[in-house]
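Below are the chains, spelled out letter by letter.
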Amino acid sequence: MMDLLPAHLLRAALGLVLGAVLGMVARRGRFCTLGAIEDAVYARDTRRARAWLLATGIAVVGTQLLESEFGLDLARSIYAGPRFEWGAMILGGTMFGFGMALVGTCSFGALLRLGGGDLRALFVLFVLGLSAYMAISGVTALLRVTITAPLSLDLGSQRLGALLRLDRTGRVAFSVVAGIGLCIVALMSKDFRRTRRLWVGAIAIGIVIVAGWWTNGSAGFDEFETRAVGSFSFARPVGDTLLYAMLASGTRIDFGVASVLGVVLGSFAAARAAGEFRWEAPDDARELKRHLLGAFLMGTGGVTALGCTIGQGLSGLSTLSVGSILALGAILVGARAGLYYLVDRHT
């Protein structure tokens, strides 16, 4: 069947299925980057942060094994390129993180909320998708390029193994050890190990990220296409989904759009099964304004940083890219600043 479908349709079909699995598992496992930060900062509960580490560790090991054993070419991904856009990573990541705090979740979390009937999330996704395309080729694109273009370096490769000048065997060994190390750190907590829903969900999410790489870089790879190889991300693909909804007859569906739809469907299925589906609307104009600003910052920041908490986080970190490490660090700093603005300064 894989040989009968065009590459983009195969990627779309697999993206829809994997996205649905991702949405279902993440909702059932309460997988949320901002939630993990809030738990760790205000409740001193690191279980959800450890779930994030476990998913990342599995994604690192699986992605490296795909590259070493099954021909995945990570050099074709945006995370491993030679140009280290450190200014864009810091600025975009901080914007995304602050916006995430204002909204109460990231772009991926907004898709999960939409699947549960949250109309605020629908509003956030509309604004996020629009602002993402504004930053790609619209009114904010020139400003973005003007500010960030000079703040970059040519490293030859952004991957840690290459920067450490390891040979092929050494890079694989280093990556696998790093991934296993993250898993060990995550599993050191008894409380986390006892919370089955969290660690089972984290394992499944890590595997789905690897499956995303396999879909785009192996099963659905077409050597005649110039597209970058990647896994899941939910910044630009949200904008792509809006564009496809308006121009379907003139564009074609691919992995990103299908994965966005899949996450919503998977979250919807999980919400209905758990009896959690309910329609929700903004409480007042003040909340709506906060969501508007937060969504704009996430869309603009996600494009500037070349990814979101899933794109630069799980997918990017699975390549052990220094750019992804920096971008994720900036997202965490921005999120903490946003939480301080919303919570701490009033206490």
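Our subject is the structure listed above.
Residues numbered from 1 in each chain as written. Predicted model: local features only at pLDDT ≥ 70, side-chain atom pairs only at ≥ 80, totals over all residues. Heavy atoms only, no water.

J.: What's the story with the overall build of the chain in this structure? I'm lost.
T.: Within the chain, the secondary structure is distributed over 16 helices and two strands. Relative to the compact-globule value of 20 Å for 347 residues, the chain shows a C-alpha radius of gyration of 19 Å, a close match. Projected onto its principal axes, the C-alpha coordinates of the chain cover approximately 55 × 55 × 45 Å. The buried share of the chain, taken over its 347 residues, is 51%. Excluding contacts between residues fewer than 6 apart, the proportion of contacts in the chain whose partners are at least 24 apart in sequence is 81%. Only carbon and sulfur atoms are counted for the fraction: they give 65% of the accessible area of the chain, which is about 15,700 Å². (Helix = DSSP H or I, 4+ residues; strand = E, 2+ residues; numbered from the N terminus. Rg over C-alpha atoms; globule rule 2.2 N^0.38 Å. Buried < 20%, exposed > 50% of the residue type's maximum accessible area, 1.4 Å probe, protein only. Contact = heavy atoms within 4.5 Å. Areas by Shrake-Rupley, 256 points an atom, 1.4 Å probe, with all protein chains shown as cover.)

J.: Sorry, what's going on with the state of the cysteines here?
T.: Two cysteines whose sulfur atoms are joined by a covalent bond form what is called a disulfide. Under the criterion given, the structure shown has zero disulfides. Looking at the unpaired C106, the closest cysteine sulfur is the one in C32, lying at 6.0 Å. Here C106 falls in the buried class, since its relative accessible area comes to 2%. No disulfide involves C308; its nearest neighbouring cysteine sulfur is the one of C106, lying 6.4 Å away. (Disulfide = S-S within 2.5 Å.)

J.: Just to check I follow, could you spell out the packing of aromatic side chains for this structure?
T.: The geometry of an aromatic ring pair comes down to the distance between the two centres and the angle between the two planes. By the definition in use, this model includes seven aromatic pairs. Ring geometry for Y79 and W213: centres 6.2 Å apart, planes at 75°, overall edge-to-face. With Y79 in the loop between α3 (47-70) and β1 (83-84) and W213 in helix α11 (residues 196-219), the pair connects residues that are 134 residues apart, well separated along the chain. A centroid spacing of 6.2 Å and a plane angle of 25° characterise the contact between F232 and F234, whose relative ring orientation is stacked. Using a relative accessible area of 0% as the deciding quantity, one classes F234 as buried. (Phe/Tyr/Trp six-rings, centres within 6.5 Å; stacked < 30°, edge-to-face > 60°.)

J.: Help me understand the side chain of T33, please; the structure alone is not making it clear to me.
T.: In this fold, T33 is placed in helix α2 (residues 33-42). Apart from residues lying up to four places away in sequence, T33 is in contact with W52 and T309.

J.: It is not clear to me how the environment of G23 should be interpreted in this structure. Could you clarify?
T.: Relative to the helices and strands, G23 resides in helix α1 (residues 7-28). Of the residues examined, G23 reaches a relative accessible area of 0% and is grouped as buried. In the structure, G23 is positioned 92 residues away from G115 in sequence and 8.5 Å away in space, judged by C-alpha atoms. Excluding its chain neighbours within four sequence positions, the residues that come into contact with G23 are L112, V263, G266 and S267.

J.: What is the right way to read the nonpolar core from this model?
T.: Here is a general trend for soluble globular proteins: nonpolar side chains tend to be buried in one another's company. M100, F108, F232, F234 and I310 are the most contacted members of the largest nonpolar core, which has 61 residues in total. In terms of residue count, the dominant contributor to this core is α11 (eight residues). Once residues lying within four places of it in the same chain are set aside, the contact partners of F232 are L18, G19, L22, V208, I209, G212, F255, S259, I310, G311 and S315. (Core = buried A, V, L, I, M, F, W, Y, C linked by side-chain atoms within 4.5 Å.)

J.: Where do I start with the packing of α1 against helix α5 (residues 107-115) in this structure?
T.: Two quantities define a packed helix pair, namely the angle between the helix axes and the distance between the axes. Between α1 and α5, the shortest axis-to-axis distance is 10 Å and the interhelical angle comes to 85°. Comparing the axis directions of α1 and α5 gives the class roughly perpendicular. Of the residues in α5, those touching α1 at L22, G23, A26 and R27 are F108, L112 and R113. For the contact of α1 with α5, the class distribution of residues is four nonpolar, one polar and two charged. (Axes fitted to C-alpha atoms, helices over the stretch in contact; angles between N-to-C directions. Parallel < 35°, antiparallel > 145°, perpendicular 65-115°, else oblique. Nonpolar A, V, L, I, M, F, W, Y, C, P; charged D, E, K, R; others polar.)

J.: How do you make sense of α1 when you look at a structure like this?
T.: Spacing of three or four residues puts side chains on the same side of an α-helix, whose turn is 3.6 residues. Its 22 residues give α1 an end-to-end C-alpha distance of 31 Å, which sits within 8% of 32 Å, the value for a rise of 1.5 Å per residue. If you follow the buried residues of α1, they end up packed against α5, α11 and α13 (255-273). Looking one or two residues past α1, R30 carries a phi angle of roughly 55°, positive in sign. (Expected span 1.5 Å × (residues − 1).)

J.: Would you mind showing me how to read the environment of G161 here?
T.: Considering the arrangement of structural elements, one finds G161 in helix α8 (residues 160-163). Relative accessible area serves as the criterion here: at 6%, G161 is assigned to the buried category. For G161 and A20, which are 141 residues apart along the polypeptide, the C-alpha to C-alpha distance reads 33 Å. Sequence-distant contacts of G161, defined by excluding residues within four places in its chain, comprise L166, R171 and F174.

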